[in-house]
Amino acid sequence: MAHFDRAVPPGGEGKITLRLNTRGYEGKIRKVARVYTNDPDNQRETITLEAFIKTAIMVTPRSVFLQGKMADAVTRTVDIKGDPAKALSLEPVNFSLNHRVKYAIEEVSPGKHYRISFTSIPNLTNHFHGVLRLRTNYPEKPVLSIYVRGRFIN
């Protein structure tokens, strides 16, 4: 959201306020705003906002896309890291792709880092999408959702 002075006299100064809603973002983000003027020498300026959004639990990547030939088993992984000062526990709640995709949860570093591997089951379907929901012990993020999509061809 942007707020700005509509008119600035020649040689004067104006104020531009940019507001960024970081809900749903994590990690490094970059947003660009363009400012248009009637100044013939500087008709357009660019303002860049860069930030690193820290969340209670980092999920990288936030979704999974499995793609390949129907006869192949394709695997992708997701890393989940909690606050180094607080132990993290994960418990599967539900998985909507049980008959199309297998998943395994590995505890890489006890209470700190988990890795989830998603592997497609060969020869079952060509397109699908679903979600794995995990319960956590963090009150600020009690449920994690990892979205899984797949597209396979013959």
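Below you will find a few notes about this structure. Given the structure is predicted, the values throughout are model-derived calculations rather than measurements.

Attention now goes to the overall build of the protein chain. Counting secondary structure elements, the protein chain contains zero helices and 12 strands. The C-alpha radius of gyration computed for the protein chain amounts to 22 Å, which surpasses the reference 15 Å derived for 154 residues by more than 25%, pointing to a less compact arrangement than a globule. Seen along its three principal axes, the alpha-carbon backbone of the protein chain occupies a region of about 65 × 45 × 20 Å. Burial analysis of the protein chain (154 residues in total) assigns 25% to the buried set.

Under the criterion given, the structure shown has four salt bridges. Note that Glu-50 is salt-bridged to Arg-30, the shortest N-O span being 3.2 Å. With Glu-50 in strand S4 (residues 44-53) and Arg-30 in strand S3 (residues 27-36), this residue pair connects regions lying 20 residues apart in the sequence. Of the two residues examined, Glu-50 and Arg-30, each falls in the exposed class. Between Arg-115 and Asp-79 there is a salt bridge, with its nearest N and O atoms 2.8 Å apart. With Arg-115 in strand S10 (residues 113-120) and Asp-79 in strand S7 (residues 75-81), the pair connects residues that are 36 residues apart, well separated along the chain. By relative accessible area, which is 26% here, Arg-115 ends up partly exposed.

The bulk of non-glycine residues show a negative phi, and the bulk of peptide bonds are trans. Cis geometry is found at the peptide bond from Thr-60 to Pro-61, where omega equals -10°. Counting through the fold element by element, Pro-61 comes out in the loop between strand S5 (58-60) and strand S6 (63-69).

In this section: the nonpolar core. The biggest cluster of nonpolar side chains holds 24 residues, and the ones touching the most others in it are Leu-66, Ile-80, Phe-118, Leu-134, Ile-146 and Val-148. No other element matches strand S12 (residues 143-153), which puts four residues into this core. Residues in contact with Leu-134, not counting those within four places in the same chain, are Ile-80, Leu-90, Glu-91, Pro-92, Val-93, Ile-105, Ile-116, Pro-142, Val-143, Leu-144 and Ile-146.

Another point: the packing of aromatic side chains. Aromatic rings considered in pairs are described by the distance between their centres and by the relative angle of their planes. Applying the stated criterion across every chain yields a total of four aromatic pairs. Between Phe-95 and Tyr-103, the aromatic rings sit 5.0 Å apart at their centres with planes inclined by 70°, giving edge-to-face as the arrangement. A relative accessible area of 10% means that Phe-95 is categorised as buried. A relative accessible area of 28% means that Tyr-103 is categorised as partly exposed.

In this section: the sheet that holds strand S9 (residues 101-109). Sheet architecture is open: four strands sit in the order S5-S7-S10-S9, paired in antiparallel fashion. Of all strands in the sheet, those bounded by a partner on one side alone are S5 and S9. Between one strand and the next, the sheet's axes are offset by a mean angle of 20°, whatever the strand orientation. Bridge count between S5 and S7: three bridges; the pairing is antiparallel. Across the sheet, Thr-60 pairs through a bridge with Asp-79, a residue of S7.

Cut-offs and rules
- Residues numbered from 1 in each chain as written.
- Predicted model: local features only at pLDDT ≥ 70, side-chain atom pairs only at ≥ 80, totals over all residues.
- Heavy atoms only, no water.
- Helix = DSSP H or I, 4+ residues; strand = E, 2+ residues; numbered from the N terminus.
- Rg over C-alpha atoms; globule rule 2.2 N^0.38 Å.
- Buried < 20%, exposed > 50% of the residue type's maximum accessible area, 1.4 Å probe, protein only.
- Salt bridge = Lys/Arg side-chain N within 4 Å of Asp/Glu carboxyl O.
- Core = buried A, V, L, I, M, F, W, Y, C linked by side-chain atoms within 4.5 Å.
- Contact = heavy atoms within 4.5 Å.
- Phe/Tyr/Trp six-rings, centres within 6.5 Å; stacked < 30°, edge-to-face > 60°.
- Pairing = 2+ DSSP bridges.
- Axes fitted to C-alpha atoms, helices over the stretch in contact; angles between N-to-C directions.

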